[in-house]
Amino acid sequence: MKVEPIREKDLVQECLNYLGNKNERDKIMFSIGIYTGLRIGDILRLRVKDVYHKNRIVIKQEKTERYIEIPINKELKKILNKYCEDKTPTEFLIKSRVGYNQPISKDRAYKIFREMSEELGIEGVGTHTMRKTCGYHLYYSGGKDIVNVMNILGHKEPSMTLRYIGVTQDTKEKAIKKLSFS
């Protein structure tokens, strides 16, 4: 299965509503992903002290082992601050119910998003959907500045980013649909 971004904003909102009604923790996980573009492994390592009343997330990426700083947008900041109010600074944000202060597993995160996608009838959803959704909407809401999106996602080539966020596929489909010989 190829993981895709969620292209429609109303569908992103539907996902947030669904997750919020099931479990606020899961909505927070999805919100962090779509607002920051972080990979699931990095999201799961976040603790309350990393985001509560902060203006940016500073994290050493699990995959690249590079430090990055990501601004926390005002909508996400409001959501995070409310969620963190009654939590201790060292508590994991996406805490498992199993064990003492452990994050959920990547497998559990994947299952949460698969359940959501099945319930809402969305295809191509996995944990990377959050990151791709962030990139896709950054591209279209930011004047199609692919270099900026590429830098935010940590890619080396614009062509890789365009393919990653599904813009290349969208462009091909539109071109084919417009093709006419009559």
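Our subject is the structure listed above.
Within every chain, residues take consecutive numbers counted from 1 along the sequence as written. pLDDT decides what is reported in this predicted model: residues at 70 or higher carry local features, side-chain atom pairs at 80 or more are listed and counted, and totals for whole chains, interfaces and linings draw on all residues regardless. Calculated side-chain values reflect all of the structure's heavy atoms, with hydrogen atoms and water omitted.

Trainee: Mind laying out the overall build of the protein chain, listing which residues take part and the relevant values?
Mentor: In terms of regular secondary structure, the protein chain is built from 10 helices and 2 strands. Secondary structure elements of the protein chain occur, N-terminal to C-terminal, as α-α-α-α-β-β-α-α-α-α-α-α. For a compact globule of 182 residues, the expected C-alpha radius of gyration is about 16 Å, and the protein chain comes in at 17 Å, within 12% of that figure. For the protein chain, the C-alpha atoms occupy an extent of roughly 65 × 35 × 25 Å along the three principal directions. Type-normalised accessible area, obtained with a 1.4 Å probe on protein chains alone, sets the label of each residue: buried when under 20%, exposed when over 50%, and partly exposed for intermediate values. Counting across all 182 residues of the protein chain, residues that qualify as buried make up 45%. For the protein chain, restricting intrachain contacts to residue pairs at least 6 apart in sequence, the fraction spanning at least 24 positions comes to 56%. Total accessible area on the protein chain is roughly 10700 Å²; 49% of this is exposed by carbon and sulfur atoms. Lys and Arg are tallied as positive, Asp and Glu as negative. Neither His nor the chain termini are counted. Charged groups are reduced to one reference atom each: NZ for lysine, CZ for arginine, CG for aspartic acid, CD for glutamic acid. Considering the protein chain, the positive charge centre built from 35 side chains and the negative charge centre built from 24 side chains are found 4 Å apart. Only DSSP runs of H or I with at least four residues qualify as helices, and only runs of E with at least two residues qualify as strands; both kinds are numbered from the N terminus onward. As a reference, a globule follows 2.2 Å times the number of residues to the power 0.38, and the radius of gyration itself is taken over C-alpha atoms. Whether two residues are in contact is decided by their heavy atoms, any of which lying within 4.5 Å being enough. For every accessible area listed, the method is Shrake-Rupley and the probe measures 1.4 Å; residues are considered covered only by the protein chains on display.

Trainee: Give a description of the pattern of salt bridges that names residues and reports values.
Mentor: Definition used for salt bridges: Asp or Glu carboxyl oxygen within 4 Å of a side-chain nitrogen of Lys or Arg. Counting across every chain of the model gives 9 salt bridges. Linking R45 and D42 is a salt bridge whose minimum nitrogen-to-oxygen distance equals 2.8 Å. Given a relative accessible area of 35%, R45 falls into the partly exposed group. With a relative accessible area of 1%, D42 lands in the buried category.

Trainee: Please give an account of the state of the cysteines that cites residues and values.
Mentor: In this description, a disulfide is simply a cysteine sulfur pair whose atoms lie within 2.5 Å. Counted under the stated rule, the structure contains 0 disulfides. C15 takes part in no disulfide bond, and the closest cysteine sulfur, belonging to C134, lies 15 Å away. Residue C15 is classed as buried on the basis of its relative accessible area of 0%. The thiol sulfur of C84 is not disulfide-bonded, and the nearest other cysteine sulfur, from C134, lies at 19 Å. Given the relative accessible area of 0%, C84 is considered buried.

Trainee: Could you give an account of helix 8 (residues 146-153), naming the residues involved and the relevant values?
Mentor: Looking at helix 8, one finds that the buried residues are I146, V149, M150 and L153. Down the axis, helix 8 shows its buried residues gathered within 100° of arc, on one side only. Buried residues along helix 8 sit against helix 7 (128-141) and helix 9 (158-164). Two residues or fewer past helix 8, G154 is found with a positive phi of approximately 80°. Taken from the helix axis, the directions to the C-beta atoms give the arc we talk about.

Trainee: So what's going on with the packing of helix 1 (residues 9-22) against helix 2 (residues 24-36)? Residues and values would help.
Mentor: Interhelical geometry of helix 1 versus helix 2 gives an angle of 150° and a closest axis separation of 7 Å. The angle between helix 1 and helix 2 places the two elements in the roughly antiparallel class. Between helix 1, through V12, C15, L16, L19 and G20, and helix 2, the contact on the second element is made entirely by E24, D26, K27, F30, S31 and I34. Only Asp, Glu, Lys and Arg are considered charged in this grouping, and only Ala, Val, Leu, Ile, Met, Phe, Trp, Tyr, Cys and Pro are considered nonpolar; every other residue, Gly among them, is considered polar. Of the residues assigned to the contact of helix 1 with helix 2, the class counts are 6 nonpolar, 2 polar and 3 charged. Helix axes are fitted to C-alpha atoms over the stretch in contact, other axes to C-alpha atoms as well, and angles between N-to-C directions run from 0 to 180 degrees. Under this scheme an angle from 65 to 115 degrees is roughly perpendicular, one under 35 degrees roughly parallel, and one over 145 degrees roughly antiparallel; angles in between are oblique.

Trainee: So what about unusual backbone geometry? Which residues, and what values?
Mentor: Of note, H53 is a non-glycine position whose phi angle comes to about 55°, a positive value. In this fold, H53 is placed in the loop between helix 4 (48-51) and strand 1 (56-60). Judged by relative accessible area, H53 falls into the exposed class, the value being 54%. Unusually for a residue other than glycine, E65 sits at a positive phi of about 60°. Tracing the backbone through its elements, the reader meets E65 in the loop between strand 1 and strand 2 (67-71).

Trainee: Before we move on, can you summarise the packing of helix 2 against helix 5 (residues 74-84) with the specific residues and values?
Mentor: Between helix 2 and helix 5, the shortest axis-to-axis distance is 10 Å and the interhelical angle comes to 155°. Between helix 2 and helix 5, the crossing angle belongs to the class labelled roughly antiparallel. At the point where helix 2 passes helix 5, the crossing takes the left-handed sense. Seen from helix 2, the contacting residues are E24, R25, I28, S31, I32, Y35 and T36; seen from helix 5, they are E75, L76, I79, L80 and Y83. Here the contact of helix 2 with helix 5 is composed, by residue class, of 7 nonpolar, 2 polar and 3 charged. Here is the rule for handedness: rotate from the far helix to the near one, and if that takes an anticlockwise turn smaller than a right angle the crossing is left-handed, while a clockwise turn gives right-handed.

Read these as geometric descriptors, not functional statements.
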